[in-house]
Amino acid sequence: MKTLMELNNIQKSFGKTKVLTGVNLTIGEGEIVSVLGPSGCGKSTLLKIIAGILPLDDGTVTLDGAVVSSSKQTLATEKRNINMVFQNFALWPHMKVRDNILFGLKIKKLDAKEMETRLQEVVNLLHLDGLIDRYPAELSGGQQQRIAIARALITKPKVVLLDEPLCNLDIQLRIEMRTEMAYLFRSIGTTVFHVTHDPSEAFAMADKIVVMNNGVIEQMDTPMDCYTNPKTQMVAGLLGASNTIKGAKINGNTATIGSDTLSVRPFQVDGDTNTVTLRFRPEACRWTTTKEDNALSVTVLLSTFEGNCYRIKLQTASGDEFCILGQEMIAPNTNGYVSIDANQLYAYGQ
Ligand SMILES: Nc1ncnc2c1ncn2[C@@H]1O[C@H](COP(=O)(O)OP(=O)(O)OP(=O)(O)O)[C@@H](O)[C@H]1O
């Protein structure tokens, strides 16, 4: 895959606060890269640097072989052949959909016939028939989002930047739109740099996920690799391994918690190698009434109904609390066991 964009040692501070401290990333032509991370980790700052909205302090952004940002120069956004879709869609309220979509082409002074041809292309691509003579206020959230994407695509940019593009939509529409966007961008081979704090959105859309924390990249892998092999505790927590047991003693791949022993996924411990923190997803656990392999003894604290399952909060003999999912309510104070899939039981040095 041909490299289209390269971020090399990007550094950025606001006053004395360092926000990006050496970000390196390569994006191939046609690749969809999703950047995930907690609030304040620097995702939007990185996107704005790529867009040319913010200057960087050190490092370079290279687009199609040419340096577009360095500490010495910042090429203007409109000269980068990059377009952006914002979280609030940023449509002009006083312009009809047609004029919103054509805005970028009018600035480029394309001839009228070519503009109409391109308009028809994006109308077909994004199923906008019947909408182009309306004003944005006359559209649903999902329709506005499709107009924003049409406006970004019509100029045929080298890269489309998506800044939390679905966060203002309700959950059902978000699920529909992320599938639609993944299909659309793949089918036309668009290169996409996508910022989100929603792991499901990143999983659904990305070829490559970049997990950021405190201004650095913590892990960069395929969605499947990030999910099955989170390299740090932070990544594990972000990607659903919310259950935590601290202070487990480790010997090889066997962890001991009180009188229970558990096999864990083979791992490389950094830090204290005798004591680890275990992380696992509720979905990796199974409730049993007799002790099976790789099980912890537990007591039920509470079951809450979640529609398609119950979330059951449990406590181990040593006082650690965690949750599992089950199809039935289990009464408080019931004693039992939780068997955990060793392949999904992650251990991290403390
Ligand atoms: N213009 C600015 N001036 C000063 N500080 C800023 C500015 N823009 C961002 N910051 C700070 O930089 C840090 C990173 O902000 P950024 O918006 O990149 O985070 P983010 O990961 O996109 O967060 P969120 O998911 O909440 O949007 C935050 O601590 C923020 O307060």
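Because the structure is predicted, anything quoted here is derived from the model rather than measured.

Reading guide: rules and limits
- Residues numbered from 1 in each chain as written.
- Predicted model: local features only at pLDDT ≥ 70, side-chain atom pairs only at ≥ 80, totals over all residues.
- Helix = DSSP H or I, 4+ residues; strand = E, 2+ residues; numbered from the N terminus.
- Contact = placed C-beta atoms within 7 Å.
- Pairing = 2+ DSSP bridges.
- Axes fitted to C-alpha atoms, helices over the stretch in contact; angles between N-to-C directions.
- Near = placed C-beta within 6 Å.
- Parallel < 35°, antiparallel > 145°, perpendicular 65-115°, else oblique.
- Left-handed = near helix turned anticlockwise from the far one by under 90°.
- Nonpolar A, V, L, I, M, F, W, Y, C, P; charged D, E, K, R; others polar.
- Core = buried A, V, L, I, M, F, W, Y, C linked by C-beta atoms within 7 Å.
- Buried ≥ 20, exposed ≤ 12 C-beta atoms within 10 Å, placed from the backbone.
- Domains from an automatic or database assignment.
- Expected span 1.5 Å × (residues − 1).

1. Observations regarding the overall build of the chain
Scanning the chain from N- to C-terminus turns up eight helices and 20 strands. Principal-axis analysis of the C-alpha atoms places the extent of the chain at approximately 75 × 45 × 35 Å. Look at the contacts in the chain between residues 6 or more apart in sequence, and 67% of them connect residues 24 or more apart.

2. Digging into the sheet that holds strand β3 (residues 32–36)
Each strand in a sheet pairs with another by means of backbone hydrogen bonds, the pair being arranged parallel or else antiparallel. Strand order across the open sheet formed by six strands is β6-β7-β8-β3-β9-β10, with mixed pairing between neighbours. Either end of the sheet is taken by a strand with one partner, and the two such strands are β6 (82–85) and β10 (216–221). Neighbour to neighbour, the strand axes of the sheet diverge by 20° on average, direction disregarded. Looking at chain direction, β3 and strand β9 (residues 208–213) are connected through four bridges and run parallel. Among the inter-strand pairings, S34 is bridged to a residue of β9, identified as I209.

3. With respect to the site of the ligand
Around the ligand sit F14, V19, G37, S39, G40, C41, G42, K43, S44, T45 and H197, and those are all the residues in its vicinity. Broken down by element, the shell around the ligand gets its largest block of residues, three residues, from helix α1 (residues 43–51).

4. Topic: the sheet that holds strand β17 (residues 310–316)
Taken in spatial order, the five strands line up as β15-β19-β16-β17-β18 in an open sheet, and their pairing is antiparallel. At either end of the open sheet lies a strand with only one pairing partner, and these are β15 (285–288) and β18 (321–326). Pairwise comparison of adjacent strand axes, ignoring direction, gives a mean angle of 45° for this sheet. Sheet topology places β15 next to strand β19 (residues 335–340); four bridges connect them, and they run antiparallel. Note that in β19 the partner of W287 across the bridge is V338.

5. Quick word on the packing of helix α2 (residues 97–107) against helix α4 (residues 141–153)
The geometry of α2 relative to α4 is characterised by a closest axis approach of 7 Å and an angle of 30° between their N-to-C directions. Here α2 lies roughly parallel to α4, going by the angle between them. Of the two elements, α2 crosses α4, and the hand of that crossing is right-handed. Of α4, the residues touching α2 (which contributes V97, N100, I101, F103 and G104) are I147, A150 and R151. Here the residues of the contact of α2 with α4 sort into five nonpolar, two polar and one charged.

6. Focus on the nonpolar core
Grouped together as the largest cluster of nonpolar side chains are 89 residues, with contacts concentrated most on A150, L161, L278, V338 and Y346. Take this core: its biggest share by element is six residues, from α4. When residues of this core are assigned to domains, at least three fall in each of domain 1 (3–228) and domain 2 (241–349). The contact partners of V338, leaving out residues within four places of it in the chain, are C285, R286, W287, A295, L296, V298, L314 and I324.

7. Remarks on the packing of α2 against helix α3 (residues 112–125)
Two elements in contact, α2 and α3, have axes whose closest approach is 11 Å; the angle formed by their N-to-C orientations is 125°. It follows that α2 is oblique to α3 by the angle criterion. Handedness of the crossing formed by α2 with α3: right-handed. Across the interface between the two elements, R98, I101, L102 and L105 of α2 pack against M115, R118, L119 and V122 of α3. Residue classes in the contact of α2 with α3 are distributed as six nonpolar, no polar and two charged.

8. Some thoughts on unusual backbone geometry
Residue N81 is not a glycine yet carries a positive backbone phi of 60°. Its location among the elements puts N81 in the loop between β5 (66–69) and β6. A positive phi angle is found at K156, which is not glycine, with a value near 55°. What makes K156 partly exposed here is the crowd of 13 C-beta atoms within 10 Å.

9. Digging into the environment of G240
Here G240 shows up in the loop between α8 (233–238) and β11 (243–251). For the pair G240 and P199, spaced 41 residues apart in sequence, the C-alpha to C-alpha distance is 8.6 Å.

10. Description of the domain arrangement of the chain
By domain assignment, the chain separates into domain 1 (3–228) and domain 2 (241–349). Just the C-alpha atoms count here: the centres of domain 1 and domain 2 sit 39 Å apart.

11. Quick look at the pairing of β11
With five bridges joining them, β11 and strand β14 (residues 275–280) adopt antiparallel strand pairing. Counted as the bridge partner of A248 is V276 from β14. Linking β11 back to strand β12 (residues 254–257) in an antiparallel pair, the connection comprises two residues, with G252 at a positive phi of about 60°.

12. Notes on α3
Helix length check: α3 (14 residues) gives 20 Å between terminal C-alpha atoms against 20 Å at 1.5 Å per residue, within 8%. Immediately downstream of α3, the backbone of H127 shows phi near 55°, a positive value.

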